[in-house]
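Coordinate analysis (summary)
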Amino acid sequence: MALLEACRSGTVSLEEPVWKRWEERAACPTSGPTSSSSSSYFSSGVPSVSSSSLSSVWNSSSLSSSSISASSSLNPYCSLGSEVTRYVLVTRPLERIRYYEAFLKEVLSDEEDGGRRGGPGERDLVNVAYSHWRLTANYAQKMQIEAEATRTFWDASTSLAARVPKELFSPGRRVIRDSKMHPISLHNAGRFSSHSFVLLSGVLLHVQYSSVTLYPLETMWVETVPAASSVQNGIVLTMPEETLTLTCPSGPEKMQWLRALQEAVRGALLPPSPISGAEGGGEDGVPPPRSPPLVRNATYTFTKSGSFKDATYRGQWLCGKPHGMGSLSWASSGTVYEGQFRQGLYHGVGVLHTPPYPPASSSSASSSSYLATGSSSTAPSSSSSGYSSSYFTGSSTSSGSQSSTYPSSTSSSSSSSLSSSSSFVVMQEGTWVSGKMVGQGVIRYANGDVYTGQVKDGLPSGHGVRKTGHFGSQAASVYTGEWTQGMRAGYGVLDDIVRGEKYMGLWQGDLRQGPGMVVTMNGVYYEGSFHANKLTGPGLVILEDGTQFEGEVGPGGSFAGKGILRYPTGDVVEGSFSGSFPGPVKISGVLRRGGGSGSGSSIGAGGEGGSGVPRNLGKHSVPADKKWQAIIRRCQDQLGINAEITITKLWERLAIKLHEEQQILQKREVGGGVGRGKEERRETDERRGAGGGGCQGDLLDGLDHIPDLLHEDTLSFVVYEQVRKYLGQAFLSRVHPLGQLLQALADAFRASYGGVAAHPRLLSYAVQEIHSLTQRVYQLVRALFPILPAEGDNIILQNEENEGQEIMVTPGTLLQPWLLPQFYSPLSSLYVLDNQPKDDEYWRRLLSWNKQPDIGLMTFLGVDPKFWLEDIPERGETSPSTDPQRPSSLSLAPSPAREGHFSDAIETLQLLSTAFSPRDKLAVIQKTFECINERAVARLGRLFQWTMDDLFPVMQFVVVRSRIQHLGAEIRLVEDLLDDGGGGGGGWNLLGELGLMFTTLKACYYQIQNEKVTYPM
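The sections below set out a description of the structure shown in this document. What you are looking at is a predicted structure, and each value in this text was computed from that prediction instead of being measured. (Residues numbered from 1 in each chain as written. Predicted model: local features only at pLDDT ≥ 70, side-chain atom pairs only at ≥ 80, totals over all residues. Heavy atoms only, no water.)

1. Some thoughts on the sheet that holds strand 8 (residues 243-247)
Taking strand neighbours across the sheet as the criterion, the four strands line up as 2-8-7-6 in an open arrangement whose pairing is antiparallel. With partners counted over all chains shown, the strands left at the sheet margins are strand 2 (185-186) and strand 6 (221-224), one partner each. (Pairing = 2+ DSSP bridges. Helix = DSSP H or I, 4+ residues; strand = E, 2+ residues; numbered from the N terminus.)

See below:
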């Protein structure tokens, strides 16, 4: 009509006779018979009307409302509510489509004859309009034929109509193909079996005697049987829980069925296209089939036996199996898996939720099982069908023949020491492979416990952390260590927050078994061998006041046999003991006053901390090389290090691993951390911020490229700096195995030596552990960079651009700048605790001396007056620029920076506590001496030469004014951790001027601590 209005208004000019002729045709009723097949089926409840009566009414009736209303009183068929009238109202507009098609065709013909008048380009517009009307007419005719065929089919199939659900009789559903009219049979069907197939819009019916099976087309994949197969003219239908092979009597019939099935599947997945549905024309008059997409989104509920029984899957599919992102849920139990699938199995990043208490089942939960699954069933009664329309909104399912075993709610870590509720898993988040969670993951338990770490087959295996309870509860604890099949096994640290105890030792079968130690927040230290969670056999006990017992110990650290008891006063008791502190202890033995010098005394000369250290300290503990082996093994496996792999292959595998880890991390971030609590997300954000400045830790930034330095034959200073640069990026990356290794080691170190149970006796273990970890990490790094020297080979590199700069390549110099910042917090606390008596005495003197003005303090320390600054006001004097009206501040200690005596050196030395590695601390000390020298040269000239008599007092003044409270702990840290490549004591780094500077600082500390004469107050 829009086109006719355009023609009438003059937009499209037509010859007047042509316009009048077609205007009359459009307003007049059709003369001549119409096809008996041009009816439309809209409802199964409409009574049947014969074709002859419809044809007679069609030929004798007019579409005008006046004619209908005028004849309705005379002819019962012409009432608006009658079947005939409705039929006419629907079909007559469709017949007009042919008029418009013919009209436009005649317009084009008139133009070819020269009778057409119009502007340029009008023919193209009319041609396009004609093409669209022609396609629309073909599509309308096709739909009319299908509607009539659908009505005819159901009229002839009353028995089948009684066995299928009512939802199949929706107005928009059509019968596309029937095996009775177009033969197709089930391959290898039984001789006495009966199989027929009916293809409807959105569903395929498989009729067998009294049962009917429905197969949703959304989850059906259609393909032909290969030509080499013995099946002739075969078609394979792949569904989530079943595969059917159908055969046709001929090739053309097969092509027609193939096209019908594929078009029906496409129609179920994609919106119908009238133009595409109206065109055709292939070989034998059959348009070439267009395959529906192999990958699609659909919903399906499984019913047959298998791992997914009674589960509903929503997500991506591939060839009949869940593949890609999706969710799988069980309504009866409430279990839900959200994540990635591959070929019907959990594979990729995903989260499995299992509620501890399944939700109550409802009657409506199973109401859609018949339609949503494609299961075989007998016909329900008409009064209570029990069907729902969920299937018709696009439901489907996946293969139920999976052979893998999925982790059940009770298959996680269970042990004799854990309650049943603590072993019930309610959430598993991580990476899944072939239906089982492996690699790094998170497991939540019904009682609130959370496990984070390595997982194998859905169970904690490898290194991991399990947090039990909450702080302040009656069962709060954190275990950090190794696991095997869900139980603690190997080296691990258990921090019992409630009892204030920390166990560090071996485990077996979820019990303490083997050498280990226990420290308490009260300062008590136990060391010995554990059996079934009990301390027994030879051991060592150190009480808070320094009392030491070495001998046979029992449960709870009690004295249970022969041993030696040493008091802080030096008294030693040797004999048999029974009991425990603070309770009564029964002693039968010999007392030696003041400590003996014979064989019975094992008190050493004492450590730097001041208290005597037993010579057998650490005898019953786990060696440092045996700790955290699971973390090292995981990094080794991630890097693919083995004896046979080449360096090029190693870097190729590393590049692949980096991209995989980056994709996993991105998918977890996109998922918003499903299943993780606020605390875990906060910890992750903090690590990201500390590990690389936000998202920097997620970027590869060239880490996946093979460095050019691998082709170098010798190690130079430039190549060494390139290695350090790469390691710096790798250790800060969350996706690089070295970055993950460093984060895991840092967490383990903090769990071992941090917290309220930190004990000064643990310092020696911490130092040994750092040296061991440095060596083991260096072996991994050297596998990536074979150009690095072997451990113990002392190679000194000189910078060609700066002749004075040189460095010895050792594991410590290469790795400590990255390791120690992560370990520094608990490590420095141990040094402070162990060195506290000496630092307290040093700090008391420092506070007293810092009350004096610079000139008085330098006089007391013996600083030569030539280093004094004459223009600095003394304490008690007023500067000329001072406002006399302002309140006096003479009672306050002057600021070193304001007074100006060696202020640059003082401010530089104060940075000593902010440096982490020994080399960085030595660099601060060196810079301090350079500032002192610059001030002296500026005042006394370049010819000035230092002597120790001049330098030592000045350095003492700088140390006093710098106010470093724990200077002794800083000095010990440098001495203990400075690496010299195997020579011990950091000898090479302390040679020459740098060694003299460090020795001078150390002498200043001891001088201040042991000075007997103090400045008068």
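2. A few points about the packing of helix 18 (residues 836-849) against helix 23 (residues 948-962)
Between two packed helices, the angle of one axis relative to the other and the distance separating the axes together describe the packing. Contact geometry of helix 18 with helix 23 gives a least axis separation of 9 Å together with a crossing angle of 95°. When the axes of helix 18 and helix 23 are compared, the pair comes out roughly perpendicular. Across from Y842, L846 and W849 in helix 18, the residues of helix 23 making contact are V959, V960 and R961. Its residues placed into classes, the contact of helix 18 with helix 23 shows five nonpolar, no polar and one charged. (Axes fitted to C-alpha atoms, helices over the stretch in contact; angles between N-to-C directions. Parallel < 35°, antiparallel > 145°, perpendicular 65-115°, else oblique. Contact = heavy atoms within 4.5 Å. Nonpolar A, V, L, I, M, F, W, Y, C, P; charged D, E, K, R; others polar.)

3. What about the nonpolar core?
Among the nonpolar cores identified, the biggest contains 74 residues, and L727, F785 and L827 are the most heavily contacted of them. At eleven residues, the largest contribution of residues to this core is made by helix 16 (residues 763-784). The next biggest cluster of nonpolar side chains, apart from the first, holds 41 residues, and it includes I925, V959, I971 and V974. (Core = buried A, V, L, I, M, F, W, Y, C linked by side-chain atoms within 4.5 Å. Buried < 20%, exposed > 50% of the residue type's maximum accessible area, 1.4 Å probe, protein only.)

4. A word on a negative patch on the surface
Taken together, D904, E907, E930, E934 and E993 make up a surface patch of like negative charges. Of all elements in the fold, only helix 21 (903-909) and helix 22 (918-940) reach the threshold of two or more residues within the negative patch. Relative to the helices and strands, E934 is located in helix 22. (Patch = residues over 30% accessible without salt bridge, like charges linked within 9 Å, V, L, I, M, F, W, Y side chains within 5 Å. Areas by Shrake-Rupley, 256 points an atom, 1.4 Å probe, with all protein chains shown as cover. Salt bridge = Lys/Arg side-chain N within 4 Å of Asp/Glu carboxyl O. Lys, Arg positive; Asp, Glu negative; His and termini not counted. Charge placed at Lys NZ, Arg CZ, Asp CG, Glu CD.)

5. Digging into helix 15 (residues 737-753)
Between its first and last C-alpha atoms helix 15 spans 24 Å; for 17 residues at 1.5 Å apiece the expected length is 24 Å, and the two agree. Two residues or fewer past helix 15, G755 is found with a positive phi of approximately 90°. (Expected span 1.5 Å × (residues − 1).)

6. Observations concerning the environment of S576
The topology assignment puts S576 in strand 27 (residues 572-579). Considered as a pair, S576 and G551 are 25 residues apart in the sequence and their alpha carbons are 9.0 Å apart. If we ignore the near neighbours within four places in the chain, the residues touching S576 are G561, K562, K586, I587 and S588.

7. A few points about the packing of aromatic side chains
In this description, an aromatic ring pair is defined by two values, namely the gap between the centres and the angle between the planes. Using the criterion set out here, one finds 38 aromatic pairs in the structure. Ring geometry for Y503 against F530: centres 4.9 Å apart, planes inclined by 80°, an arrangement best described as edge-to-face. Placement of the pair is Y503 in strand 21 (residues 501-508) and F530 in strand 23 (residues 525-531), with a sequence separation of 27 residues. As far as the burial class goes, Y503 and F530 line up, both buried. (Phe/Tyr/Trp six-rings, centres within 6.5 Å; stacked < 30°, edge-to-face > 60°.)

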